[in-house]
Amino acid sequence: MGNTTGFLDHLRVTGTYRPVRSRLKDYKEFTNQLDQNMLKIQGSRCMDCGIPYCHAMGCPLGNLIPEWNDSVYNGNWREALIRLESTNNLPEITGRICPAPCEASCTLSINDAPVTLKQIELAIIEYGFNQGWISASPPEVETGKKVAVIGSGPAGLAAAQQLRRFGHSVTVYEKSEKAGGILRYGIPDFKLEKWVIDRRLNQMYDEGVQFETNVNIGKDISARYLKKNFDAILITMGAGEPRNLDIEGRKLNGVHFAMEYLIESNKLISGEIAASQQKINAKGKNILVIGGGDTGSDCVGTANRQGASQVYQFEIMPKPLEWKESWNPNWPYWPLILRTSSSHEEGCKRDWSVQTSRFIGKNGKIEEVEFVRVKWEQTKENGVPKPVEIPGSKFSLKIDLVFLATGFLHIEHNKFLEDLELKLDQRGNVMLDENFSTSSPGVFVAGDSATGASLVVRAISHGRKAAEAINQQLKSL
Amino acid sequence: MQSISDQLNCRKRLRETGLYDPAFEHDSCGVGFVVNVNGEHSHQIVTDGITVLKNLAHRGAIGGDSRTGDGAGILVSIPHKFFQKECNKNSIALPQEGSYGVLMLFLSREENRQTQAKKLINSVILSEGGKILGYRDVPVFPECLGDMARQSMPYICQAIISFGSTSGNKLEHKLYIVRKCIERQARIHQFTIDDLYIPSCSSKTVVYKGMFVAPQLEEFYPDLNDPDFESCFSLVHQRYSTNTFPSWPLAQPFRYMAHNGEINTLRGNINKMTAREKNIHSKLFGDDTEKLLPVVEKNLSDSGIFDNVFELLCMGGRSAEHSMMMMVPETFGQRYHISEDKRSFFEFHAAIMEPWDGPAAIAFTDGIRIGATLDRNGLRPARYVITQNGKVVLASETGVLDIAPEDIQSKGRLAPGKMLIIDTEKKRVLFDNEIKASVSRQKPYRRWLEKNRIELKGLFGIPGPVDINDSNHHLRLLNVFGYTLEEISVVIKSMAENAQEPVLSMGNDAALAVLSDRPQLLYNYFKQLFAQVTNPPIDPYRENLVMSLMSFIGREKNLLDETPEHCHQIKLTHPVLSNDDIIKLRNIDTEGYRCCTLGLLFDISVGEKGLETALIELCKTAENKINEGYSLLILSDRGVDKTKAPIPALLATSTINHYLTKAKIRHLTGLIIETGEVRDVHHFATLIGYGASAVNPYMAFEILFDLKKKCKLDMRIETAVEHYITAVKKGLLKVMSKMGISTIRSYRGAQIFEAVGLNEQFINKYFPGTSSRIGGIGIQEIAHEVIERHSDAFAKNENELKVIDSGGNFHFRRNSEKHLYTAEAIALIHRAVREKNYSLYKEYAQHINNTSKNLCTLRGLFKFRKRESIPLEEIEPAESIVKRFVSSAMSFGSISKEAHETIAIAMNRLGAMSNSGEGGEDEERYNPLSNGDLKKSMIKQVASGRFGVTCNYLVNSAELQIKMAQGAKPGEGGQLAGLKVDETIARVRLSTPGVTLISPPPHHDIYSIEDLAQLIFDLKNANRDARVSVKLVAEAGVGTIAAGVAKGKADMVLISGHDGGTGNSPISSIKYAGIPWEIGLAETQQTLVLNNLRDRIRIQTDGQMRTGRDIVIASLLGAEEFGFGTASLVSLGCVMMRKCHLNTCPVGVATQDKKLRRKFCGKPEHLINFMMFVAQDVREIMAQLGFRNMDEMTGRVDILDVNSAIDHWKTKGLDFSRILTKPAVSPDTPLRCTGKQEHDFSMSIDNELIRKLIVSMDNKEKTTISMPIRNCNRTVGTALSSEISRRYGSNSLPHDSIRCKFKGSAGQSFGAFLAKGITFELEGDANDYLGKGLSGGKIIVFPDKKSHFRSHENIITGNVNLFGATGGSVFINGMAGERFAVRNSGATAVVEGVGDHGCEYMTGGVVVVLGRTGVNFAAGMSGGFVFVFDKDQLFDTKCNLEMVDIEPVTEKKDITLLKSLIKQHIKYTKSSHALYLLENWQETLPLFVKIMPIEYRSALARMKQFESKETEEITITEEVFR
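Residues numbered from 1 in each chain as written. Chains lettered and ligands numbered in written order. Predicted model: local features only at pLDDT ≥ 70, side-chain atom pairs only at ≥ 80, totals over all residues. Heavy atoms only, no water.

1. A closer look at the overall build of chain A
Alright, step 1. Looking only at helices and strands, chain A features 19 helices and 16 strands.
Alright, step 2. Taken over the C-alpha trace, chain A has a radius of gyration of 23 Å; the compact-globule value for 477 residues is 23 Å, and the two agree within 12%.
Alright, step 3. Taking the principal axes of its C-alpha atoms as reference, chain A extends roughly 70 × 60 × 55 Å.
Alright, step 4. When burial is assessed residue by residue, chain A has 55% of its 477 residues classed as buried.
Alright, step 5. Considering only contacts within chain A whose residues lie at least 6 apart along the sequence, 69% involve residues at least 24 apart.
Alright, step 6. As presented, chain A carries roughly 20600 Å² of accessible surface, and 48% of it is formed by carbon and sulfur atoms.
Alright, step 7. Side-chain charges in chain A split into 56 positive and 56 negative, and the spacing between the mean points of these groups amounts to 4 Å. (Helix = DSSP H or I, 4+ residues; strand = E, 2+ residues; numbered from the N terminus. Rg over C-alpha atoms; globule rule 2.2 N^0.38 Å. Buried < 20%, exposed > 50% of the residue type's maximum accessible area, 1.4 Å probe, protein only. Contact = heavy atoms within 4.5 Å. Areas by Shrake-Rupley, 256 points an atom, 1.4 Å probe, with all protein chains shown as cover. Lys, Arg positive; Asp, Glu negative; His and termini not counted. Charge placed at Lys NZ, Arg CZ, Asp CG, Glu CD.)

In structure tokens form, the structure reads like this:
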């Protein structure tokens, strides 16, 4: 560690955002990155802890955070990159969209402000790309083993790259036109521009990963075919089954799952579909987003960019703790505090403990939504809190479009899964053992398909570990 | 009660199945002699010898049966008159004086065996041409003995032998051969040392010895009381051993000498002797030479073996003094002012024999001459008196024989490395200069050296750059040799940058090598041994002038001869070779010198077997090469490729070293290791410790070059390499010094290590003589680890190679080394204690105890046997269990005030105890707070630095803990940098802000086990209500040391694990010294139980204690009390930053930074919750195990079992049976402490003093009393002082309130911790430790008014006076011994001369020396100042100038002070010398010099500056000094 008192001498500084007015005009990213000298100072705040909680507990990937902090502080960017790439296949993604549990568990989060780990991560990988240091790293020896990866989201990409580097022949199947899965179709450009994904995919092409897009497994290719032609199959299809809100009026026009909306918007921006094909447009409308999570937030940001006249985001859970301090009240765990995303800053009315009771429409189209306020009470049976309506708290709003961002249940239970006769767990995820193996021999699973919807960084981590497990098994074949 | 023989058998069994090993035993003692210079025989001399012995009795110890001594004996010249009488009685025709030999015999008491033995003896003597004139049963009186001694008593008889008319040296030679032959035959015929032992066999001397305490000697041997039993000298010895096996043969004196000391390098010395046997030839013995082999007898103690070799050298033709100078050479480094001839003598002999290193006072005799010598460090006292009428008395203490003051011609002490001989033939006393001048000039050693020694030109010049030709190969090698990023950046780089080993903080909680999932280097299985209690470690920084890394390598010649060719060897100034050096050695081209390289590689295609085969081949090749005449072998692992993996260098070194030793050709070659494996200090130390002559770490150099290339090193590469080498050199000195070893010559091959996790077969084959007690892996697993690293390295592609493994050994990394504390565990326990949530604690405990995932410790492999459970309500309550818990010692200074006080409050609320650590304690904390809380630490530590250890500190405690070692850095001292010493710390430690504080490695009042007993006695006097405990660190043999501690009357012994915490320690010490407490605790319990010592001493243990399970295991293994260090801190918010040494703790726990301290958020409740949780956890396990209280559970090792369910490839070979052995003692033998130590204050005169003075003390009246005193009256004044402190605190009586006048020889610790208000006046002389810890009192010493000698040229007080004094004054009219005013932090002293190392580590106070000083004056002195009367103006050559400047005394203030002190001195002591100085002030003043510590001067200046500023309301804050 270069500077033992860095954290005492310097304050935490992060990149600023473009002003709201400017950023609403386009779908481009809007964070201004710090220059290298500033980053060096930020890197010096790292204390090189005896137990680095960021690495040990925070980051699911176990990123070697103290090591690259030190390298950045000492100006050894190349070495920072080597350490970074050794644990993370997609740092340019996590550097942009990860909620950074590492920062929440940074030791400085106990009573100070955490090191700006996320922006350092992004800076390292971007500098690496700029310098041309990131090149294909194809295996030196081919093992002759073949692996099919189903789904090209973060888990699939990470696993595919790792498996390829182990020397296996890897084919990634993707049902959409382009690879990337939720990264490409679920996350708006203003958080993750799509060239970022393409750049990484190019490296993977060069390393010899084969991509088959527009292939719907189970329909276009049978499970039997895959099992016959591959030594291993890895399912990384995400947790695409959204949680529904089955109340009166759900079938009305204008009530959509959030993902329908986001996917269409993303395709529109990338030109995959033409403007004429757009079905859901928020322009000039009153928008209701149900669900207070990140997906909801993405809907808010997209709707505002489309020119919505008013955006509401309601959440049935109570309002979390408002927390203005720079430190983490729940260190080293993730704090449950009120978070205001950049999208919220762009204009949105938020409310909590609000239950949507029914959608009211005319001519099959939504016009109004009725709500009731709830309070959360402990149940006597099992102690799990339950919402109880507050009498007389009913209210309603004029609404033109509703997006259900109430979470995801599990992997889509499609024909492919049926054909493979995979065992599922109670929640409906694919059941796996400690070797990432499913109930069907040779078939593995990783990412949200196995864990249920979670963070991108967890998916990458899961994908890497699955690749390791598959490699072990293939070696023993 | 079990019978004694049962006990003995049980011991023998335990030796086979338990952890006890007699090889661990230590002894040291009182030694002395009385001689008539004129060689006149008299019985008085014998009686005098016995008197001396009796007066040294307190230096011995008594065993478990309270009557068996550890051994005593007497060596006298043959009492011819007595034998004449006795032989007449037995009708033996005794030849004339000098023509017969007396063979003293210890034989088996079994008659059959006796007859066989005698038969054997007869036949040997006959075949050697001698004749037995008769046997004489030596009359004995066994009734006086203790049970154990009597049970093991041999049958004792004497045989009178003659070889016709042969006499003189010829007869001695014959007798020598006879004895050696008997010994050899005896071993062949299965006689053990207990069945047949020859205490002496000589025509000049005879030895009477046995398992006695001093007074039993003359009672047991009525011979000694016979008036005809006359001798011209008597040499006596009283043994204090940690000994557990009663052994008559091991009592001293041996045949030629008596030894107070320890040979630390014994293993290496024995091996080297064995190797040399092959070319031992003696002209004197001719063909008989072979009969003298083996030189070393089996099963002897270190002293006994020393005696064997000393005998060989003397018999081989060298004089006794010459032999002694070879074996115990004094230091001859350039920093000593000695004659060039003498220097050459020692250097020449360095090429022949290595020193037998260790603290030693040796009294020796060849029958005609009797003498004594001291080791180079002078770590054992030896005082002598020469009388007017031709008697010389030398002993460990002065005052052991009453001599009229007017009869004294001179008084002195042996200085370090010096010798004294009395020649009874020449009737003269020979002093050191005369002896050594004649010996060192008997041959032209200087010329011989100049002509023959080889100093390769350019060797050790500035090393040139190293090139890496193939960077991929370099990276691959990094993998093959297991380098980690951490090692490169934390270890190697930092060694290059700072020229010293890096430091780190907190304990080692990583997995033991044998439990680690990651391939380990072989070095990691070896743990450094260290000195504790039985001998002192050395300070390798401040006292490095006594240490040396110089050695000769090459071909040794016949030991019994000396020729110029003997030194025709290569001289290495240190053992670290640069790449250039290796090249030069390879191309060496000097007559008689040839060098060849052997490959340290094996073929991996053969698999794990390949390693074993390669080693066998390697040994044979080495043997052949030596036989072909190669005198240098380079073992090199250069040339690793895809098929060839490196043989672990340590394995190869030890294997070859032992192979060559066994073949007796090891001494014919130098063994140079060229390896990529070594990088840290421990690696070098192990290689050298197992026999390497020199080491070249080529990969470390390559790494430095690579770092330089990548611009990560801001220095020239040459400097980097040089620094790196310097760091290794310093580190080696440190590793040697912690065992008390001074020279690399004797360290080499001394095997000062123990193994943890290597199996017996492997150890016996490759590392014979190394202790390894829990089994473990073998050659196959080691090969596996090498191959795994190797194949991993060659499987990686270019990109993967670049990602060097993180390491995770010091700082946690996922997928790297396992650690006991994980992020999750810390998070859980923080929440648990803050929310007072027991179920979270349980989660935490489960996390820590989850051994399937996180196997780090030995106890992780244990499980409890099933027993009937009992309801929880019936178990001892948690409130009671928690009282057995303590917070481990952490000094205020290493942790913040807030943390320190919170711990104290919490522990006091629990009714448990907190430990002050070694930094003193603010007296403010002694008073309760308004809410009833108490910030006082109930345990007060007494550590080597003695910071703030005043009488009042000692009084305010419930326990006094003597810290002998610390788990994180046993055998080492510490240093608190000046910038961290703020005003508060300075106040508490009684020093000056901004001045560096050094804790020396040894306690300067504990150089031996009897010294420890003395300190325990001191502390008991200082506070009779407090219990005294001794803190040890687990290592092989800690049990026997604990036995010594128990005999020394400590109330509790603390066995710390190797993994204990620290605020600042060198990395290699944290990682590689000491062993887990599980082993140490078990060994301690077994040894104490067996020796009937367990019932009088409690055992505490600590080291990474985390959960109730840990406590229960410790309890079952025998501990009664348990310490929590790190865990206490963690419950108060510590997050294991490991930044204590940097002062940047971000949670305010281990920092003095005010900003950071504000962030401390720990509350007493948190710690209380933690302790209560653990206690509750303990209860739950107790319920499950069916124990109602802790007492029932203590020592029930039978409840522990090995958890065979844990499946780990390396743990399969572990064998815990030795740990889990319960000593087979009768069921009523206590397994825990049930009684108390009986302290013997019978010789103490303080009770009388208190009785006489109590009224005036209470009334604050002035009083004077007078009393006689003698050396058995020890620690006088301490109990008296404690009474004063109890009454008045540190704000004591006015000066001179109580005056006590003594006359005689004062015992040790005269006036220790003397409180203000008391004045001691001593007419006579004093022993060691006068004024120890002086706390404001006044001590005046002057010679008896009737004596004639010149005071300033004679020693009148012993060594280590004023050690740790904090205030008061001392006036000594005479010279003091070594280490005067060491660690003085406030006392004023006037003395007329001092020995070596005066005023070392002094931090305050004023000392005036009116005469000569020894060398190394003011080493490590950071505060206070000294005036020295430098008559010869040579003082600057004796002063250690590292931290001080020498100035003339010109300032008026100084002159006034000096003058007034001298005036006081005259007033108190009537010193004529002082009077002379003052009367000639004009002439004498200019010769005075003032010694001023550099840091102190600037600190004073700074304070002065701030004093003036303070009026402007700027306070002194610690930031001032940052």
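2. A closer look at the interface of chain B and chain A
Alright, step 1. Facing 38 residues of chain B, the contacting portion of chain A comprises 36 residues.
Alright, step 2. For the chain B and chain A pair, buried surface summed over both sides reaches about 3100 Å², with 56% attributable to carbon and sulfur atoms.
Alright, step 3. The three residues of chain B that bury the most area against chain A are B:Arg813, B:Arg814 and B:Ala823, which together make up 19% of that side's buried surface.
Alright, step 4. Along the contact surface separating chain B from chain A lie 3 salt bridges.
Alright, step 5. The salt bridge partner of B:Lys712 is A:Glu79, with a shortest N-O separation of 2.5 Å. (Buried area = accessible area lost by both parts, 1.4 Å probe. Salt bridge = Lys/Arg side-chain N within 4 Å of Asp/Glu carboxyl O.)

3. What about the sheet that holds strand β35 (residues 1027-1033) of chain B?
All names here are of chain B.
Alright, step 1. The 7 strands are arranged β30-β39-β38-β36-β35-β32-β31 in an open sheet whose pairing can be described as parallel. Two strands in the sheet have a free side with no partner beyond their single neighbour: β30 (885-887) and β31 (939-942). Geometrically, the sheet is characterised by an average inter-axis angle of 25 degrees between neighbouring strands, direction not taken into account.
Alright, step 2. For β31 and strand β32 (residues 959-963), the ladder comprises 4 bridges, and the chain directions are parallel. (Pairing = 2+ DSSP bridges. Axes fitted to C-alpha atoms, helices over the stretch in contact; angles between N-to-C directions.)

4. Focus on the sheet that holds strand β18 (residues 526-528) of chain B
By definition, the strands of a sheet pair up through backbone hydrogen bonds, in either a parallel or an antiparallel sense.
Residues and elements named next belong to chain B.
Alright, step 1. Spatial strand order, β18-β27-β28: 3 strands in an open sheet with mixed pairing. Two strands bound the open sheet, and with one partner strand each, they are β18 and β28 (771-772).
Alright, step 2. Bridge count between strand β27 (residues 753-755) and β28: 2 bridges; the pairing is parallel. Directly across from Glu754, in β28, lies its bridge partner Ser771.
Alright, step 3. Taken strand by strand, helix α19 (residues 681-689) contacts β18 and β27, and its axis lies near 100 degrees from that of β27.

5. Here's the deal with the packing of aromatic side chains
Residue and element names in this part refer to chain B.
Alright, step 1. Scanning the model with the defined rule gives 58 aromatic pairs over all chains in all.
Alright, step 2. A centroid spacing of 6.5 Å and a plane angle of 20 degrees characterise the contact between Phe306 and Phe310, whose relative ring orientation is stacked. Linking Phe306 with Phe310, this pair stays in helix α9 (residues 302-315), spanning 4 residues, or about one helical turn.
Alright, step 3. With a relative accessible area of 0%, Phe306 lands in the buried category.
Alright, step 4. Taking the centre distance of 5.7 Å and the plane angle of 45 degrees together, the rings of Phe762 and Phe767 count as tilted. The residues Phe762 and Phe767 share a single accessibility class, namely buried.
Alright, step 5. A connected cluster of aromatic rings, assembled from ring pairs, spans Phe82, Phe83, Phe106, Tyr197, Tyr208, Phe212, Phe220, Tyr221, Phe229 and Trp248.
Alright, step 6. Positioned above the aromatic ring of Tyr135, the side-chain terminus of Lys118 is 4.6 Å from the ring centre.
Alright, step 7. Taking NZ or CZ as reference, Lys1490 lies 4.7 Å from the ring centre of Phe1425, over its face. (Phe/Tyr/Trp six-rings, centres within 6.5 Å; stacked < 30°, edge-to-face > 60°. Lys NZ or Arg CZ within 6 Å of the ring centre and 35° of its normal.)

6. So, the state of the cysteines
Alright, step 1. Summed over all chains, the structure comprises 0 disulfides over all chains.
Alright, step 2. Unpaired in terms of disulfides, A:Cys102 finds its nearest cysteine sulfur in A:Cys59, a separation of 6.1 Å. (Disulfide = S-S within 2.5 Å.)

7. Considerations on the nonpolar core
Alright, step 1. Core analysis: the largest hydrophobic core is formed by 446 residues, its most contacted members being B:Tyr221, B:Leu1032 and B:Leu1117.
Alright, step 2. Examining the composition of this core, we find that 12 residues originate from one element, helix α39 (residues 1164-1185) of chain B, more than from any other.
Alright, step 3. Taken domain by domain, the makeup of this core includes at least three residues from each of domain 1 (6-130) and domain 2 (146-240 + 409-476) of chain A.
Alright, step 4. Setting aside chain neighbours within four positions, we find B:Leu1117 in contact with B:Phe862, B:Trp1077, B:Glu1078, B:Leu1081, B:Ala1082, B:Gln1085, B:Gly1195, B:Val1197, B:Leu1200, B:Ile1219 and B:Leu1220.
Alright, step 5. The next biggest cluster of nonpolar side chains, apart from the first, holds 58 residues, and it includes B:Ala1315, B:Leu1330, B:Val1341 and B:Phe1435. (Core = buried A, V, L, I, M, F, W, Y, C linked by side-chain atoms within 4.5 Å. Domains from an automatic or database assignment.)

8. Thoughts on the domain arrangement of chain A
All names here are of chain A.
Alright, step 1. Along its sequence, chain A is carved into domain 1 (6-130), domain 2 (146-240 + 409-476) and domain 3 (244-406).
Alright, step 2. Distance from the C-alpha centre of domain 1 to the C-alpha centre of domain 3: 31 Å.
Alright, step 3. Counting residues at the interface gives 22 residues for domain 1 and 17 residues for domain 3.
Alright, step 4. Interface area, domain 1 with domain 3, both sides summed: about 1600 Å², of which 66% is carbon and sulfur.
Alright, step 5. For the interface between domain 1 and domain 3, the tally reads 2 salt bridges.
Alright, step 6. At the boundary of domain 1 and domain 3, one finds 10 residue pairs in polar contact (both at pLDDT 80 or more).
Alright, step 7. Only α2 (20-23), α4 (53-58) and α8 (101-105) provide two or more residues apiece to the side of domain 1 that touches domain 3.
Alright, step 8. With 3 residues, α8 is the largest single contributor of residues to the side of domain 1 that touches domain 3.
Alright, step 9. Considering only residue class, the side of domain 1 that touches domain 3 consists of 15 nonpolar, 4 polar and 3 charged. (Polar contact = N/O pair within 3.5 Å; in protein donor to acceptor, adjacent residues only side chain to side chain. Nonpolar A, V, L, I, M, F, W, Y, C, P; charged D, E, K, R; others polar.)

9. A closer look at the side chain of B:Asp680
Residues and elements named next belong to chain B.
Alright, step 1. Assignment of secondary structure puts Asp680 in the loop between β25 (670-674) and α19.
Alright, step 2. Here Asp680 is buried and forms no salt bridge, its nearest opposite-charge partner Arg679 lying at an N-O distance of 6.4 Å.
Alright, step 3. With residues near it in sequence (within four places) discarded, Asp680 still touches Val491 and Tyr1072.

10. A word on the environment of A:Ser396
Residue and element names in this part refer to chain A.
Alright, step 1. Inspection of the secondary structure puts Ser396 in strand β13 (residues 395-398).
Alright, step 2. Not counting residues within four places of it along the chain, the set of residues in contact with Ser396 comprises Glu368, Val369, Glu370 and Phe371.
Alright, step 3. Looking at Ser396, its side chain comes within polar contact range of the side chain of Glu368, at 2.7 Å.

11. Re helix α42 (residues 1278-1288) of chain B
All names here are of chain B.
Alright, step 1. α42 sits mainly inside the fold: 8 of its 11 residues count as buried.
Alright, step 2. Taken together, the buried positions of α42 are Thr1278, Ala1279, Leu1280, Ser1281, Ser1282, Ile1284, Ser1285 and Tyr1288.
Alright, step 3. Buried residues belonging to α42 abut α30 (951-955), α32 (1009-1022), α41 (1246-1259), β42 (1298-1306) and β43 (1318-1326).
Alright, step 4. Within two residues after α42, Gly1289 carries a phi angle of roughly 65 degrees, on the positive side.

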